[in-house]
Every structure is written in structure tokens, then in C-alpha cells.
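# Observations on chain architecture
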Amino acid sequence: METMRDRFAPVVSRLLDEDPRVAVVLAEIGKDAFREAMARHPDRVVNVGIREQLLIGAASGLALTGLRPVVHTFASFLVERPFEQVKLDLGHQDAGAVLVSAAASFDWPAGGFTHMAPGDVALLDTLDGWTVQVPGHPDEAETLLRHAVAAGDDKVYVRLSAQANRQGRVIDGEHFVAVREGRRGVVVAVGPVLDAVLAATEGLDVTVLYATTVRPFDTAGLRRATEAAGTDVVLVEPYLAGTSTAAVSDALCDVPHRVLGLGVGRRELRRYGTIEEHVAAHGLDARSLRDRIGRFVGAVGRVAVGA
Amino acid sequence: MTITAHDSRTYGYDDLPGLMSLMTGDEKHGPAATSTLDVLWVLYDRVLRVAPEGRADPARDRFLLSKGHGPMAYYAVLAAKGFVPAGWLPGFGAYDSPLGHHPDRVLVPGAEIGSGSLGHGLPIAVGSALGLRAQGLHDPAVWVLIGDAELDEGSNHEAIAFAGPAGLERLHTIVVDNSSASHARPGGIAARFEAAGWSAVTVDGRDHEALYAAFTAPHPGRPHVVVARVEPKNA
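Residues numbered from 1 in each chain as written. Chains lettered and ligands numbered in written order. Predicted model: local features only at pLDDT ≥ 70, side-chain atom pairs only at ≥ 80, totals over all residues. Heavy atoms only, no water.

For the rest of this paragraph, the subject is the pairing of strand β9 (residues 207-211) of chain A. Residues and elements named next belong to chain A. With 5 of its 5 residues buried, β9 lies for the most part within the structure. A two-sided burial pattern is seen for β9, the buried positions comprising Thr207, Leu209 and Ala211 on one face and Val208 and Tyr210 on the other. Relative to β9, strand β7 (residues 177-180) runs antiparallel, the two sharing 3 bridges. Note that in β9 the partner of Arg180 across the bridge is Val208. Of the pairings in the sheet, the one linking strand β8 (residues 186-190) to β9 comprises 5 bridges and is parallel in character. (Buried < 20%, exposed > 50% of the residue type's maximum accessible area, 1.4 Å probe, protein only. Helix = DSSP H or I, 4+ residues; strand = E, 2+ residues; numbered from the N terminus. Pairing = 2+ DSSP bridges.)

Position of Arg267(A) among the secondary structure elements: in the loop between β12 (258-264) and α11 (275-281). Once the C-alpha coordinates of Arg267(A) and His282(A) are considered, the two residues, 15 residues apart in sequence, prove to be 10.0 Å apart.

What follows deals with the interface of chain A and chain B. For interface size, the figure often reported is the accessible area lost on association. Listed per partner, the contact involves 24 residues of chain A and 25 residues of chain B. Roughly 2100 Å² of surface becomes buried between chain A and chain B when both sides are summed, with 59% attributable to carbon and sulfur atoms. Seen at the junction of chain A and chain B, the total is 1 salt bridge. Where Arg133(B) meets Asp43(A), a salt bridge forms, and the shortest distance between an N and an O atom there is 3.6 Å. At the boundary of chain A with chain B, the tally comes to 10 residue pairs in polar contact (both at pLDDT 80 or more). Looking at the side of chain A that touches chain B, the elements with two or more residues in it are β2 (45-47), α3 (52-64) and α5 (83-92) of chain A. Examining the composition of the side of chain A that touches chain B, we find that 9 residues originate from one element, α3(A), more than from any other. Taken together, the residues of the side of chain A that touches chain B break down into 8 nonpolar, 9 polar and 7 charged. (Contact = heavy atoms within 4.5 Å. Buried area = accessible area lost by both parts, 1.4 Å probe. Salt bridge = Lys/Arg side-chain N within 4 Å of Asp/Glu carboxyl O. Polar contact = N/O pair within 3.5 Å; in protein donor to acceptor, adjacent residues only side chain to side chain. Nonpolar A, V, L, I, M, F, W, Y, C, P; charged D, E, K, R; others polar.)

With that settled, the discussion passes to the domain arrangement of chain A. Residues and elements named next belong to chain A. Split into domains, chain A comes out as domain 1 (4-159) and domain 2 (177-297). Domain 1 and domain 2 are separated by 26 Å when their C-alpha centres are compared. Taken together, the contact pairs 24 residues of domain 1 with 24 residues of domain 2. Between domain 1 and domain 2 lies a buried interface of about 1800 Å² when both sides are counted; carbon and sulfur atoms form 66% of it. On the surface where domain 1 and domain 2 come into contact, there are 1 salt bridge. Across the salt bridge formed by Arg215 and Asp125, the nearest N and O atoms sit 2.7 Å from each other. Counting every contact that joins domain 1 to domain 2 gives 9 residue pairs in polar contact (both at pLDDT 80 or more). Secondary structure elements with two or more residues in the side of domain 1 that touches domain 2: α6 (120-124), β5 (130-133) and α7 (138-150). Of all the elements, β5 adds the most residues to the side of domain 1 that touches domain 2, at 4 residues. (Domains from an automatic or database assignment.)

Below, the structure is given as C-alpha cells:
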């Protein structure tokens, strides 16, 4: 099955052809997919070698001369390793870039924790002014990549995952989408967890919002949903649990509310195996989600499974 | 050569100590400030093609002060050349002053980057050279000034190792060497760059003619480093 990352190089290669501002910066990872684009645009597709500090610093310099750098590697090497460069070379310099990661939470479980970065979005949350896009399907990834590159000199993080929902949704790169409406709470499903959340909430009287843009957080969309469904909010995020609970609390700061943040656990899970096994270990499979969401909104025992 | 400043006075090299004396409160960075004085003056007076009125010209030369510690010499030269008013200098480090103990590009006219944390300028300069080349701007030169101890930062080594093989001919680095690194580089500073394919010259960092000759030495197909040796920091 085609992954979001499979879509990345073809889409950005077309953008390189169409827009002379676009430049791609790589650190070995992902370079094969850009071979043709590099031949066509040798000055705008740059592979700096295994040098992640230079990766971000060079992107800053490209941006300061007026280009629109698209920077790609695994999340652990893109956001975590050169974090001070992300903070200073982009943020403090007032320079923009599109950071596109792969293999964030546990896309390669057999690779172990060195290649996992479930804290990427939480880490970017310590910085100001980042747009964070979390597509849940290759089609959405294409839409959001195009939005990100076209977003002037904004700082945009696009998080591509090997996990995906079966079908893409119509998204606008800004707002949450109401997928299901109910009256006993709001469940916000971020990116690739949507299928599991829909299965988990089948028959539960809850609103399900689908979020692919998580920063800025769609405060108005969440508030609208709570008007009919009440202010019990469950977040289901494919990265560190609780990453967006502060955003929910800020959105609902003037009304009594409860929030449950579900996601990847903080404790290092020293296991290899498959993505599905890690999803289950973190309680993000449909059965676990149904139990945890149902108990939170008080639905367990009242609504029969499959009702 | 001197240039008329905002306040209609003209300043020359001999005025720099007076301008620097207007700034107080960062004495711990004093040696760092004066070590760069001659390098900065020769660059701004005779080499860089950049002027206050052309600060946004895409074809301007870029000077990136990576070694943002002790920026008094930098501010003094920017004031002498009319980028910032000399009247700003006494406010150095104050809450409502644009001039901090480390410079901020968003606040200081003519500053191409904000710096202070070591090891950021050279990688950004590499990206700037790449960006200019990609846009067909083959004339502007990119200059970045780092310190010998700053060279310890691994990010600089990533940039040095890339820029040589990439043939970034318009990239120029100045290493002001005041022997402040705790562990001196085996083989010397220039050798580190030469091993990566750079053109390298080591000169007396107080000798204006030697600096000018080093700055303007041809280096076809290769980036160029000038190691400017000054008196040791702790001498």
C-alpha cells in the first residue's frame, strides 16, 4: 500500500518544477526518491550528507536568501537532534521552512527507540509560530504538503506516518472536520488514529472531530462541537499522550470541562515487533480506546458493544 | 575611506575606540570584542559591497557575525558606516535598546543573523551561498566570522566538511584566532579547512594590508578561509 512518504518526493518534485522558490534539503535519508529532481534542479535539491545540524542551518540560509526550503528526514533527526537549530536558525532568525518528517512515533518498531520520536509535536510546542500538520492518509498528505509549501515563509511541520486510515477525507489545512455527531462528549481524533476512533466509538453517543491541523489548534471548531455534545473532551493523538491537552484547556478556559489525553505512553517501550503490536501496547487499538473513552464519558455498561 | 553616518558625522578607524567606549556593561566579553575590531573594519571599509541604503538588495554581499559574543566592535563599525545611529550605542544592553549583548537581526539594521549561541553562523552561511547560487546570483559574496573556540562546535565541522566538496566558491570564513580554545586544533586551524578542500590563508589579524590581501585573494572553485591571528585572550 502506498504510504504518505511515498507521496512526498513525487509531490515536492512537481513543486520544484512549478515554483522556482522551492528548494529541498536532505541528509541522505530519502535522497533516492529525489534523484530525477536533483538532476533537473541540481542547485535546488541539496543533500548535505549525514549532518543534521547543517541540514537546518542550511535551510535557514536558503530561506534568508528568499527560497522556500523543504527539509526532510526521520523525526528523531529532524526535530530532536538539531532542536537548537530549529529554535534559533528558523525561529530566532525569523526564517521559515517546511519540515517534513517520517517514522515519528513507531513506524519502524523493529528499529527500536533510536528511530522513534513520539515527542516531536510536544517539543515543537515549546516554540512559537509553528503550524503542525498530521495527515491521516496519503491524499491528505499531498494536500497538506501543497498547503505547507504555499504558506509564504511560515514555519510548518508536516508529520508523515506509515500508519494511515483506509480513506482520505476532505480537509482544508486549517479546521477540524466533524465526522460523527453525538451528545455525550467530543472525541478529537488526530490523523491516522481516525479509523480506530470510529470503530471504538461505534454506537457511543459522542461527536468525533477529525483533526489534521493541530497547530494552530482549531479552538472555534472544538467550542462549536461542545455546544451540542458537552464539554467532556477526549483527545486521541498518534504521538505523546496529552500533547494537546493544554490546547483543549485553553479553548475551554471559561467553561467547566474535563479532558482525557490518549496517545503514545511516555515510558520507553523496549519492544520491537510490528506497528499493530505497538498500537495495542499503547492502548490505541479500537478495543482499548472503546474501553477508555466509554468509561470517561460514562457510556460503558449503558451502550452495548456493537449497538 | 569614511562614510557619512546618520548624524551627519563621518567616522574613521580612529573613531572606533571612542564609539566602543560608549557601550558599557559587557566587560566580560571585552577581549572578544576587541579581537574582531580590525577584521571588521577592513571588511566593512574596503571589501564588503553592502551599504545602509542597500540592506535589502538581493545582490548585496552578506556578512554574518556568528561569534555574537562581545559585539561592541561590530556595533561600532555598523555605527561608523551608518547602519545604526551612534546615538544608540550608550543604550547597549538596556531594555529598550535594539543593541543587546548578542545581536538580533530583527532589531539591528544591517545584521544578517542573530547570534550568540556558538556554531550557527557557518551552517547558515552555507545555506545562504547555496540559496544565492540557486537563484543565479553568482556575484554576491557570503562572509561569516567565527572565533577559534567557536570552531570547536560540531555544527561548524559539518559545514566545513560540506562546503569544500560542494565547491561553494562565494563562501568566505574568517576565524579570529585569539587562542581561546582549551584544546588547540591538531595541525592548526587552517589545516582543518584545507583538508576539506578550502583555500586557506593565515595572517596577522591586526595588519590591515595583510587582512585586505587575504580577503581578496583569488580562490577559484573553492570556499576561502582567512585565519586572523590576534594576541591571546588570556595574555
